[in-house]
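# Chain and residue survey
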Amino acid sequence: MRTDDAHGAVRLPLWSGMQPVAALWFDAARLPADARTRRMLACWRTGAQALRFADGDLLRFPQPSLADCASLPGLALRAVGDGASDVLTSAPLGADELAAHRGFDLILVRGAQAVGLRMSDGAALDLSTWVEIGDYALHDTFDCSATQQALSMPPLQGRDVREVLGGRIPPPSAERDDFLKRMIAVGEGRNAGARTGLPQAHGVGVGVGVGVGGRLLDRLAGWLGGAAHALAGAPAAGGDAHYGLAPRRGPQRPSAWREALARVAIASRVSRLIGWRQGAYLRRMMKRFDEGDLSEALRHALPIDGTGQSLGQAFGTPGRRGDLRLGGSGNSVDMHLGEALQQHLRAMYRQTFERLDRQGRIDEAVFVLGELLNARQECLDYLERHGRHMQAAELALAWDMPTATIVRLLVLGGDWARAVQVARRDGEFGAAVTALEKTHPDMAVKLRLLWGEALADRGDWLAAADAVWPVPQARNLAIEWLRIAEDAGATLSARALVRRAERLPDTLDRYGERILALAELGEAEQAEVAAAARRALAEALLDGPRRNAAVAAITNALLPAIAADRAAGRNPLSKSQLNKLLSLGGDPYLKADLPAWDLPPIAKRPGLWSRTTPAEIAAPAAGLAAIHDVVPLCERRYLIALGEAGVIVVDARGKTLQRYPVPADSLVVADNGHVALAVARRESLSRVSRLDLLRHAVTDLGSLRLDAHAPQFDGAAWSVIADNRILVIDTAKSLRDVVWHVGDLPGRLVGVRYTPPMEFYLLDTANGLEMWNYTLPTRRLVQRAAVKAEPGLPVLLVPFGGVLQPRIESCVDGLLQIRLDTYGGRRSVDMKFQRPDGSAVEAAALENLALRCHATHNGVVLGVVGEDITQYRLCRLSDGETMATIEWTAGVLPQFREFGQHLLFFDREGRVLDLATDHDIRTAFSVC
């Protein structure tokens, strides 16, 4: 049974972007029955259900999974409802539209009108009858349940001081914990009052008590001041006179009368501010310090100088600690005691630390430094002086100290495994190596070699060679890494040539022909590649290598070609840089022959997003390969995923240069372009292979359950979403090593955006949408903010932390108006469509179009797809102006990917279009 919506046109006719897809619809008007069945077989999952209706076929999955709607072979359907009575819909519908179709199990949008179906109207299909197995031999099965590798999550969060000190510190008092809890609760109430304009918490109870007592205490404070002034001139009793050099002794304690007066005066000021009970608590606490009862005093002591958020104003009575546990947050008590009291407590705690240090009570001394004084770096230094490197490392991890400090302390503590994991996670070896070289050179050498290995795993071969070169026994390894870089593309090879010339005297003998070939200007496309290589070599020479005969000879051989490139506008070198190269070469004859530098101004080609008139771009001709993903590499090469047909590297004309026999549906490329990951979907798991693009080696990393993943990585650390957890996996050897993770998220992840140096995660929580922003490479949470979005519309993440919601606003005689709601305001984009003969497209035809939308760094890519039209617009997000129009083959749905300064369009018929946004350069080719 079905019904048509008579309540007006649907605003958005289908789902777009990444959605939790619950089912696929295959329309009978577009596909014959056999084709629909084959597509359902290709998309089949265990536990799925296939139904045939009069208007098409439905494939319902056992559970929704996150997928890009534009890449699916059928119409994406989402389950909408409260879980008990979900309805499958092909578009985001409003509450009124859903209410109009109450009682239906499936709602499809056709011609901008909603059509309702019931599951009982469909006939169940047995797709197994389409699978012919008669020619297959039967073998015993084997257990594949262990295909997914178990994840290894190292303990990198550190431990608190009680665990670190082995339980030698007694537990904190319940009274003191109760006091801190009350301070936090009252502080939150005070902050809420400040935000809402409500009266502050310190009003009735405390304020009245201070009113009368405050006047008496003012008089008492005046009397105490006079007494102190009178006693200041009194001589100390019982002291012996010393002449010459006095014997060494510890710091002098203040006299008893001075401590007594200070205690009464301070307690009086505290009483005026926080009440009599708090003043009494502080008097008792300071009395315990004076009497030497340090065990009890430390349990009652309050931390000061916190580095974290304030706990709020203290209105309760502090309690006794149960142990001397160090807090990991660094929060301090916000009691508004004034600088005098803060200074007194600071001096008292410092005095207590020195006393404990003289007595050899290191555990309690550590507690005073780290918890009461919040002198964390001093606390780590103190532990290090006493040889407690592992304890210092645990606290450094818990306090999130700088990476170099954590790595160095872990190395000194003998925990090399965690030291390397932390260093690889944050990409921070150098500072720790430098610090260790002064005191522990053998450890520095070992860490330097591990540094080089980590860089080599990321494909940074030149940096790896630089890292290990100071170690004489690692020179052969460094030379091997240089050789790998030399055999790479022209640009990297040129940089490697400078490194080799600086360090090895045989460079000219072995690479003379290569140097001469690099000096040739070349023609056409090869000239561009050679100019890029010479530019890279010139930058390496200007970077300050040690001058020798080989470096000078290379400079003299290439300087004329580098100058010619500058004259042709192929590099941006200045006169001073050219003169520096001339000086580095040191050839007086070349200097005499060269004319004065007459450099033309560098022509600045406008970028795509700054065009004044829209560009008209046509799709390239069809090829033969079904393209699943494309990523640009250096020197106008492209890495292309062909599904089960493997991965290939092609040039800008589509010619295949290299093949990798691994399946790939998506590609993840390292920042340096030397390493890539090939990801192939396998039912509920994804198979991941690592590609070394310089040595042309392939490593099978295994399989992992992936919901989403970053499209780029640093060559080792890869961010993925698995089972509603954020994981960072070290992909150097396998998928087992997790170096960072966030589990137990407070909601479902609905969107992910990876925009180095930031990562953005959009969560659907009980309180609404939240955006979590992490900074790279340390992955610190820098912002967690609520996001406002209109229900029923798709939510797209905009680079650098915004959201975009597209909708079709109106459609009249070939003019389609699309509204974009973003964090920066509302934009409207007008899209005018014409047939090839110039006639306008009727409104009825436009109503059947599917809207595609992709957010980019500077704009938005809008696409409409219909039976006789496929067109994309690149619109500037700041004003909605169209920068380019792309006419694709009608009925063919291209996929889109943004990679750095490249906007890539590709399809399953072998077409590739690359738009370089920084220089407005277009590259189009076909893959056969």
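Scroll up to find the structure.
Below or above, wherever it landed, is the structure these notes cover.

### Description of the packing of aromatic side chains
This model, assessed by the stated rule, comprises 11 aromatic pairs. Ring geometry for Phe353 against Tyr382: centres 5.2 Å apart, planes inclined by 70°, an arrangement best described as edge-to-face. Here Phe353, found in helix α9 (residues 338-358), pairs with Tyr382, found in helix α11 (residues 376-385); they are 29 residues apart in sequence, far enough to count as distant. In this pair, the class of Phe353 matches that of Tyr382, namely buried. Pairing Trp740 with Tyr774 gives two aromatic rings, centres 5.2 Å apart and planes at 80°, and the pair type is edge-to-face. Taken together, the residues span a long stretch of sequence, with Trp740 in strand β23 (residues 738-742) and Tyr774 in strand β26 (residues 768-775) at a distance of 34 residues. Each member of the pair Trp740 and Tyr774 is classed as buried. One aromatic cluster is present, built from ring pairs that chain together Trp740, Tyr754, Tyr761 and Tyr774.

### A short note on the pattern of salt bridges
Scanning the entire structure with this criterion turns up 38 salt bridges. In this structure, the salt-bridge partner of Arg753 is Glu898, at a minimum N-O distance of 3.1 Å. One end of the pair, Arg753, is in strand β24 (residues 747-755); the other, Glu898, is in strand β36 (residues 895-899), with 145 residues separating them in the sequence. Residue Arg753 shares its accessibility class with Glu898, and that shared class is buried. One salt bridge connects Glu909 with Arg911, and the closest N-O pair in it is separated by 2.7 Å. On the accessibility criterion, Arg911 (5% relative accessible area) is buried. Here the salt bridges share partners, and the residues they tie into one network are Arg424, Asp457, Asp730 and Lys733.

### Brief notes about the packing of helix α13 (residues 403-412) against helix α14 (residues 416-426)
Between α13 and α14, the shortest axis-to-axis distance is 8 Å and the interhelical angle comes to 160°. As far as their axial angle goes, α14 and α13 are roughly antiparallel. The handedness of the crossing between α13 and α14 is left-handed. Counting all contacts with α13, which are made through Thr403, Ile406, Val407, Leu410 and Val411, the residues of α14 involved are Trp416, Arg418, Ala419, Val422, Ala423 and Asp426. When its residues are assigned to classes, the contact of α13 with α14 shows eight nonpolar, one polar and two charged.

### Quick word on the packing of helix α16 (residues 441-457) against helix α17 (residues 461-468)
Relative to each other, α16 and α17 sit at 175°, their axes nearing to 8 Å. By the angle between their directions, the pair α16 and α17 is classed as roughly antiparallel. For the pair formed by α16 and α17, the contact residues are Arg448, Leu449, Trp451, Gly452, Leu455 and Ala456 on the first element and Trp461, Ala463, Ala464, Ala467 and Val468 on the second. The residue makeup of the contact of α16 with α17, split by class, is nine nonpolar, one polar and one charged.

### Quick word on the pairing of strand β2 (residues 18-27)
For β2, a buried count of nine out of 10 residues is recorded, marking the element as mostly surrounded by other parts of the structure. Two strands pair when backbone bridges link them, and β2 and strand β4 (residues 56-68) are joined in this way by nine bridges, in the antiparallel orientation. Within β4, the residue paired with Leu24 across the bridge is Leu59. As paired strands, β2 and strand β5 (residues 75-80) are joined by three bridges and run antiparallel to one another.

### Let's talk about the layout of surface pockets
By volume, the second largest pocket is sized at about 1700 Å³. Around the second largest pocket, the lining comprises 40 residues; the ones closest to its centre are Ala532, Arg535, Asp918, His919 and Ile921. Elements represented by at least two residues in the lining of the second largest pocket include exactly α19 (490-503), α21 (524-542), β12 (637-641), β15 (666-670), β38 (911-916) and β39 (921-926). Counted by class, the lining of the second largest pocket contains 16 nonpolar, 10 polar and 14 charged residues.

### Thoughts on the sheet that holds strand β19 (residues 708-709)
Within a sheet, each strand pairs with its neighbour through backbone hydrogen bonds, oriented either parallel or antiparallel. Here we have four strands laid out as an open sheet, ordered β19-β21-β22-β23, and antiparallel in their pairing. Here the strands that pair on one side only, and so sit at the sheet edges, are β19 and β23. Sheet analysis places strand β22 (residues 725-730) next to β23, joined by four bridges and oriented antiparallel. Its bridge partner lying in β23, Val728 is registered against Trp740.

Cut-offs applied
- Residues numbered from 1 in each chain as written.
- Predicted model: local features only at pLDDT ≥ 70, side-chain atom pairs only at ≥ 80, totals over all residues.
- Heavy atoms only, no water.
- Phe/Tyr/Trp six-rings, centres within 6.5 Å; stacked < 30°, edge-to-face > 60°.
- Helix = DSSP H or I, 4+ residues; strand = E, 2+ residues; numbered from the N terminus.
- Buried < 20%, exposed > 50% of the residue type's maximum accessible area, 1.4 Å probe, protein only.
- Salt bridge = Lys/Arg side-chain N within 4 Å of Asp/Glu carboxyl O.
- Axes fitted to C-alpha atoms, helices over the stretch in contact; angles between N-to-C directions.
- Parallel < 35°, antiparallel > 145°, perpendicular 65-115°, else oblique.
- Left-handed = near helix turned anticlockwise from the far one by under 90°.
- Contact = heavy atoms within 4.5 Å.
- Nonpolar A, V, L, I, M, F, W, Y, C, P; charged D, E, K, R; others polar.
- Pairing = 2+ DSSP bridges.
- 1 Å grid on protein atoms, 1.4 Å probe; cavity = no way out; pocket = protein on both sides within 12 Å on 5 of 7 lines; lining within 4 Å.
- Points joined across faces, edges and corners; volume = space filled by probe spheres on them.

Fair warning: the whole summary comes from geometry, so function is off the table for now.
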